[in-house]
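# Breakdown of the fold
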Amino acid sequence: MDKDVIDLLKTATELVNSFNKKADSYLPKKIVDIVRLHSGMAVASSFIPVPGADLAACATAIWSMYIRINNALGLSFSENVMKTIAGGVATNLSAYAVGLGMEVY
């Protein structure tokens, strides 16, 4: 494997570990557990070998995470659907931007 790829993987691992520590210290455990479960489900969905099914499973994992977080916070998804969608879209766009930045690097 190329040295640059290895360095990038090491840096990404350190970043994930740092994010995990911050999440543990700043967010309620219940929310952290929900996010970790659903992010794992989203990553696992990438291994579905059926074209399109992987995207559908990923989207389902992400949006069900938002619903569960709303429920954990005592917010009604139906009453706050626009805020949830706006927050989800903003979060997803920022994640895609970070991902694109990593590809460019």
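Residues numbered from 1 in each chain as written. Predicted model: local features only at pLDDT ≥ 70, side-chain atom pairs only at ≥ 80, totals over all residues. Heavy atoms only, no water.

### Remarks on the pattern of salt bridges
By the definition in use, this model includes 2 salt bridges. Between Lys-3 and Asp-7 there is a salt bridge; the shortest N-O distance is 2.8 Å. With Lys-3 and Asp-7 both in helix α1 (residues 3-26) and 4 residues apart, this pair spans about one turn of that helix. Look at Lys-3 and you get exposed, because its relative accessible area is 57%. Note that Asp-33 is salt-bridged to Lys-29, the shortest N-O span being 2.9 Å. Of this pair, Asp-33 and Lys-29 both sit in helix α2 (residues 29-45), separated by 4 residues, roughly a single helical turn. (Salt bridge = Lys/Arg side-chain N within 4 Å of Asp/Glu carboxyl O. Helix = DSSP H or I, 4+ residues; strand = E, 2+ residues; numbered from the N terminus. Buried < 20%, exposed > 50% of the residue type's maximum accessible area, 1.4 Å probe, protein only.)

### Some words on the side chain of Asn-70
If you trace the backbone, Asn-70 turns up in helix α3 (residues 53-72). What makes Asn-70 buried here is its relative accessible area of 9%. If we ignore the near neighbours within four places in the chain, the residues touching Asn-70 are Leu-75, Phe-77 and Thr-84. (Contact = heavy atoms within 4.5 Å.)

### Looking at the environment of Thr-60
The residue Thr-60 is located in helix α3 in this model. With a relative accessible area of 51%, Thr-60 lands in the exposed category. Sequence separation between Thr-60 and Met-41 is 19 residues; the distance between their C-alpha atoms is 9.3 Å. Engagement of the side chain of Thr-60 in a polar contact is seen with the backbone oxygen of Ala-56, the distance being 2.8 Å. (Polar contact = N/O pair within 3.5 Å; in protein donor to acceptor, adjacent residues only side chain to side chain.)

### Focus: the environment of Ser-45
With respect to the element layout, Ser-45 can be found in helix α2. Given the relative accessible area of 4%, Ser-45 is considered buried. Ignoring sequence-local partners within four residues, the contact set of Ser-45 consists of Asp-54, Ala-57 and Cys-58. One polar contact links the side chain of Ser-45 to the main-chain amide nitrogen of Cys-58, over a distance of 3.5 Å.

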